[in-house]
Amino acid sequence: MPTITTDHLSIACDLYGSEESPVVLLLHGWPDDATTWDRVAPRLAQAGLRVVVPTLRGFGATRFRHDHTPRTGDSAILALDAIALMDALGIDRFMVAGHDWGSNIAEALAVGWPERVRRLAMLSTPPRLGGMPTPSFDQAQRQWYHWFMATRRGAQAVRDDRRGFAHIHWINWSPPGWFDETTFNRVAKSFDNPDWPAVTIHSYRARWDEAQPDPRGTWLADRVKATKTLALPTLYLHGEVDGVNPPSTARDVPGKFSGPFTMVELPGVGHFPQRENPEAVTRHLIELFVDTEEDQSHWKIAAGVAAAGLLAAAIGFACTRRGEDEQSSPERGGGSAER
């Protein structure tokens, strides 16, 4: 895996496709790593795209270049990492897809650099446009690990057993049997990065104001909170049986987008769609990224979403639910080696 040097990081990054092709940036989530895209990225390249797949700070072979750089992990600073990467590669305009953490990084990129981000795909984690409300008690229960890490003893437990902490989320967030231990152990090597605990703990504490966000990204975090909607062509993919973010957590997503928008619920899929059903994810990404005509007939235009009172009703005309033809395909040991 090549390494790209920026001011603050040495970023491990896989590159696919011709340098002359339209660019798509693929961003992984937590607890996962860049191999989450192994059965998607090559197919996007075959479809005529240049694909950039970085490993986030605190994961795998990506390293901080300086001891004095804060080991932070909020979405805004991760978006700044991504822009620095694209600058280092000499890439101006690009499209982006992100899963879990990557979903909110992608969203922040679209907010902060609208002239550079052409199209957006978000997987499994809703946008934070307009700010993050305190979750319901039901959702807070599913997000127990957020509050666990906000405590001193919980954070120490994560430092002491990174793999055990990550493993329970792989079990809880998707249907039984979706992964094997060989695959998890291969991915979990990325959690051996010396900065993984610090970046992880900061990411979850900062989103609930239990830690200060990285000051370099404050302007961007504030802009995401102040932005109510985005207008660029957007795809939102969500697993039907996501164990941490059930579909009910995404009911307001269509109201966040005022331009061409499609929302797809993947049957039988949990929190890791690109691992559980890479064929369906690839197909939808190709529809978004390869055919870039703005008048695609299958896009549902959310023309009336400007009024706040229509957010809930927007689901009826801004979403495309894809159903019976998309069956999940469990990942096994022969496959590719994530919140």
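Up top is the structure.
Here the structure is a predicted model, which means the values were calculated and not measured.

(A) Molecular detail of the overall build of the protein chain. Each helix and strand in the protein chain was counted, giving 13 helices and ten strands. Considering the protein chain as a whole, with its 339 residues, one finds that 57% of them fall into the buried category. Carbon together with sulfur atoms contributes 52% to the accessible area of the protein chain, which is approximately 13,300 Å² in total.

(B) The arrangement of the side chain of Ser103 in detail. Looking at where Ser103 falls in the secondary structure, it is placed in helix H3 (residues 101–112). Judged by its relative accessible area of 0%, Ser103 falls in the buried class. Within the structure, Ser103 has its side chain in polar contact with the backbone oxygen of Thr125 (distance 2.8 Å).

(C) Molecular detail of helix H2 (residues 75–88). Here H2 spans 20 Å end to end across 14 residues, near enough to the 20 Å set by a 1.5 Å rise per residue. Across the 14 residues that make up H2, a large majority, eleven, are buried.

(D) Examining the packing of aromatic side chains more closely. One pass over the full model with this rule turns up 26 aromatic pairs. Ring plane angle 80 degrees and centroid distance 5.5 Å describe the contact between Tyr145 and Tyr204, whose orientation is recorded as edge-to-face. Pair noted here: Tyr145 is in helix H5 (residues 144–149) and Tyr204 is in helix H9 (residues 196–207), with a separation of 59 residues, a long-range link. The residues Tyr145 and Tyr204 share a single accessibility class, namely buried. In this structure, Arg71 packs its charged tip against the face of Phe64, placed 4.2 Å from the ring centre.

(E) View of the nonpolar core. Judged by nonpolar contacts, the single largest core of 67 residues is most densely connected at Leu25, Trp30, Val52, Phe94, Val96, Leu109 and Leu120. Ranked by the residues each element gives to this core, the list is headed by H2, at nine residues. If you look at the next biggest cluster of nonpolar residues, it comprises 24 residues, including Ala41, Leu44, Leu123 and Ala280.

(F) Quick peek at the environment of Arg116. Inspection of the secondary structure puts Arg116 in the loop between H3 and strand E7 (117–123). The class of Arg116 is buried, set by a relative accessible area of 9%. Not counting the four nearest positions on each side in its chain, Arg116 is found in contact with Ile83, Met86, Asp87, Ile91, Asp92, Arg93 and Phe94. Side-chain polar atoms of Arg116 contact the side chain of Asp87, separated by 2.9 Å.

Cut-offs used in this document
- Residues numbered from 1 in each chain as written.
- Predicted model: local features only at pLDDT ≥ 70, side-chain atom pairs only at ≥ 80, totals over all residues.
- Heavy atoms only, no water.
- Helix = DSSP H or I, 4+ residues; strand = E, 2+ residues; numbered from the N terminus.
- Buried < 20%, exposed > 50% of the residue type's maximum accessible area, 1.4 Å probe, protein only.
- Areas by Shrake-Rupley, 256 points an atom, 1.4 Å probe, with all protein chains shown as cover.
- Polar contact = N/O pair within 3.5 Å; in protein donor to acceptor, adjacent residues only side chain to side chain.
- Expected span 1.5 Å × (residues − 1).
- Phe/Tyr/Trp six-rings, centres within 6.5 Å; stacked < 30°, edge-to-face > 60°.
- Lys NZ or Arg CZ within 6 Å of the ring centre and 35° of its normal.
- Core = buried A, V, L, I, M, F, W, Y, C linked by side-chain atoms within 4.5 Å.
- Contact = heavy atoms within 4.5 Å.

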